[in-house]
Amino acid sequence: RFTRMGFDLTDLERREFDYERDAAVDWQAAALQFEGLPVWSSQALLTTYRQLEARYPYYDFSGVTVDRYEGPDGLVPVALAIREVLPRGIQDPNWQNIHLRDDYIRGMGAVVSAATARTPEGRPMMFVSGIPPEFSASDAAPEALRLTRPNVYVGVRRQVYAVVNPGDPGDPASGDGGARQPGVDFPEGIQLDSPLKTLALAWRFRDAHLLFASEVNRTSRFVFRRDVLERVGRISGQLLRFPEVPYPVIHEGRIVWILEGFTGTRSFPLSTLHDLEAGRPVRYARNSVKITIDGVTGEVAFYIVDDTDPLLRAYAQGFPTLFRPLGDMPEGLRDHIRYPRTMLGLQARVLFQYHQETARLFHGQQDVWTLPTELAQGTTPVPYQPEYGLYRLPGEEERDFLLTSVFVPRGRQNLTAILTVSSDPDRYGELVLFDVPVEDQVPGPRQVEALIEQDPVISQQFSLWRTGGSQVWTGHLHLVPVGRTLLYMEPVFLAAEEDAIPELRRFVVSDGYRVAMEETLPQAIQALALIADGAAPQ
């Protein structure tokens, strides 16, 4: 009881999934469920963005995030990455280029594509691309993705200090050709309006160029601590932990980073130790704070998302001006808060054993769970990763932006449970655990992938691609409930052996016993429906 309390599992709702192997499938409902699932894996998108959208050697993407934006017809899942400066890619790394030149001291906007769609050529369907970033207006493109101030002075990559001169012309991408304003177009920084300040900073950073460079004048602004984690850590000290990488949001035409702040302690009675961060086990953990960092100005704000956390209450009493209520967060940012993968992963590890709710079961340890494995970029299985998706849970009327993970019994690969949590602002943090009866022998992710590999048609196609010099990558294996059954979907990518630009070429859909692979997702669903309606389960 205290372990579940320590890891915020006391309000976990537990439901039995009424699985029926031979249940009739509503294939129209299945198509609607699959519509909101990301078909692009983060690794495939990151590789594609780096090849096609970095454009210059001094730009790079650190990662890809899946989020949702309001489109003309409702929520649209998108994949988003920020183009940041890669200092080692600057071909002439002189002092002016590294510390002064605008092109080399700030990133340039975002790349955004539809997470659930592709072009006929198997490439991402772009909403925002190019340098400067251009918005591709279409019927599906959310207007909120338009960037008006694409510069990124503060990001997730560690950067050296920068000297910004407000008198320089504004960036054409911002639509303002006049002088730039500190705190609006770039961080306020430290104004070098006295020789003493300049001397102190030159001493602190061991750099005499600040004293003698002609570009440094009394209006220049000195900007440092441009790494999100360092910036936030300097403000919050040791109060919070940050085990998860910040993710970006496009808000009012500019990039804003959201960082998950955790409280944690080993001093919680009767609870067992679990790793929140590698090598730092805790007995109590909460994701109690959302921190926003403006990518243009560097402005930082801390918002409370769990006001019942006693640790955070103590911190807030000690630092009353540091933490703000969640209601103070701009609505456009509140719409993009997500339940963190790190927290769900931690809670999943706790549930390996602590889903057993009776003394007899727990002390016998006869029903221990673990995470399944799945294939990704190669043939070596990797741990199954929680993934975001927009779909409807059994018994619910509306779709929700959910983070989902699954369990299998230790030593076996059949499915035993599904764990979901909502990221909807009105239902944020609602955990639901669906128990799948072991006697039903519902296939787990690795068993479905084995079924795919063993299918003679699919296996022959994979072998043909591989012998032709291409790599076959498989994306995340999504698992969604449809009525009283479960369906699985996995995208298939083709990539060259060298300088790969992955192309999304096929979709595999399965009910756990039969599989179908086609060029489009609707075709794959239709093919599986024909197989299921025309043949008895194998």
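Check the entry above for the structure.
This is a predicted model, so every value here is computed, not measured.

Enquirer: Break down the packing of helix H13 (residues 445-454) against helix H14 (residues 456-467) for me, with residues and values.
Expert: It is at 5 Å that the axes of H13 and H14 come closest, and there the two elements cross at 75°. As the angle between them shows, H13 and H14 are arranged roughly perpendicular. Side by side, H13 and H14 meet where Ile-452, Glu-453 and Gln-454 of the first sit next to Pro-456, Ile-458, Ser-459, Phe-462 and Arg-466 of the second. Here the residues of the contact of H13 with H14 are counted per class, giving four nonpolar, two polar and two charged.

Enquirer: Hey, could you go over the sheet that holds strand E18 (residues 300-304) for me, with residue numbers and the actual values?
Expert: Here we have five strands laid out as an open sheet, ordered E13-E14-E17-E18-E19, and mixed in their pairing. Either end of the sheet is taken by a strand with one partner, and the two such strands are strand E13 (247-251) and strand E19 (323-325). Across the sheet, the mean angle separating the axes of adjacent strands is 40° when strand polarity is ignored. Both E18 and E19 contribute to a ladder of three bridges, which runs parallel. When the bridges of E19 are listed, Ile-304 appears paired with Pro-325. Against the sheet, helix H8 (residues 228-236) touches strand E14 (254-265), strand E17 (284-294) and E18, its axis set at about 65° to E18. Across the face of the sheet, helix H11 (residues 341-354) comes into contact with E14 and E17 while running at roughly 170° to E17.

Enquirer: Can you explain the sheet that holds strand E12 (residues 221-223)? Please cite residues and give values.
Expert: If you trace the three strands from one edge of the open sheet to the other, you get E10-E12-E11, paired in antiparallel fashion. Two strands in the sheet have a free side with no partner beyond their single neighbour: strand E10 (162-164) and strand E11 (190-191).

Enquirer: I'd like a description of the pairing of E17, backed by residues and values.
Expert: For E17, a buried count of eleven out of eleven residues is recorded, marking the element as mostly surrounded by other parts of the structure. Bridging between E14 and E17 involves nine bridges; their strand directions are antiparallel. For Trp-257, the partnering residue across the bridge sits in E17 and is Ile-293. Relative to E18, E17 runs antiparallel, the two being bridged by five bridges. Opposite Thr-292, over in E18, you have Ala-301 as the bridge partner.

Enquirer: Describe a nonpolar patch on the surface, with residues and values.
Expert: Where nonpolar side chains cluster on the molecular surface, the patch consists of Leu-196, Leu-199, Leu-211 and Phe-212 and spans about 470 Å² of accessible area. Within the residue set of the nonpolar patch, elements represented by two or more residues are helix H6 (195-204) and helix H7 (209-212). Tracing the chain through its elements places Leu-196 in helix H6. Assessed through its relative accessible area of 66%, Leu-196 is described here as exposed.

Enquirer: Break down the pattern of salt bridges for me, citing the residues and quoting the values.
Expert: When their charged atoms lie close together, side chains carrying opposite charge are able to pair. This structure, assessed with the given rule, holds 34 salt bridges. Notably, a salt bridge pairs Arg-180 with Asp-102, separated by 2.7 Å at the nearest N-O pair. With Arg-180 in the loop between E10 and E11 and Asp-102 in helix H5 (residues 102-105), this pair connects stretches of sequence that are 78 residues apart. Owing to a relative accessible area of 6%, Arg-180 belongs among the buried residues under this scheme. A salt bridge links Glu-277 to Arg-241; its shortest N-O distance comes to 3.9 Å. Here Glu-277, found in strand E15 (residues 274-277), pairs with Arg-241, found in the loop between H8 and E13; they are 36 residues apart in sequence, far enough to count as distant. Across the pair, exposure class does not vary: Glu-277 and Arg-241 are buried alike. It is possible to trace a salt-bridge network through shared partners that takes in Glu-13, Arg-15, Glu-396, Asp-400, Arg-427 and Glu-430.

Enquirer: Talk me through the packing of aromatic side chains; I want residue IDs and the actual numbers.
Expert: All told, the structure shown has 23 aromatic pairs when counted by the stated rule. With centroids separated by 6.4 Å and ring planes inclined at 35°, the aromatic side chains of Phe-17 and Tyr-19 adopt a geometry described as tilted. Here Phe-17 matches Tyr-19 in class, with each residue buried. Arranged with centres 5.8 Å apart and planes meeting at 55°, the rings of Tyr-49 and Phe-61 form a pair that is tilted. Of this pair, Tyr-49 sits in helix H3 (residues 42-52) while Phe-61 is found in strand E2 (residues 59-61), placing the two residues twelve residues apart along the sequence. Classification of Tyr-49 as buried rests on a relative accessible area of 1%. In this structure Phe-61 comes out as buried when scored by relative accessible area, which is 0%. Note that Arg-204 overlies the ring of Phe-205, its terminal NZ or CZ placed 4.6 Å from the centroid. The ring centre of Trp-203 lies 4.9 Å from the NZ or CZ of Arg-206, which sits over that ring.

The rules behind each value
Residues numbered from 1 in each chain as written. Predicted model: local features only at pLDDT ≥ 70, side-chain atom pairs only at ≥ 80, totals over all residues. Heavy atoms only, no water. Axes fitted to C-alpha atoms, helices over the stretch in contact; angles between N-to-C directions. Helix = DSSP H or I, 4+ residues; strand = E, 2+ residues; numbered from the N terminus. Parallel < 35°, antiparallel > 145°, perpendicular 65-115°, else oblique. Contact = heavy atoms within 4.5 Å. Nonpolar A, V, L, I, M, F, W, Y, C, P; charged D, E, K, R; others polar. Pairing = 2+ DSSP bridges. Buried < 20%, exposed > 50% of the residue type's maximum accessible area, 1.4 Å probe, protein only. Patch = residues over 30% accessible without salt bridge, like charges linked within 9 Å, V, L, I, M, F, W, Y side chains within 5 Å. Areas by Shrake-Rupley, 256 points an atom, 1.4 Å probe, with all protein chains shown as cover. Salt bridge = Lys/Arg side-chain N within 4 Å of Asp/Glu carboxyl O. Phe/Tyr/Trp six-rings, centres within 6.5 Å; stacked < 30°, edge-to-face > 60°. Lys NZ or Arg CZ within 6 Å of the ring centre and 35° of its normal.

Honestly, that's just the spatial picture; any functional story needs more than this.
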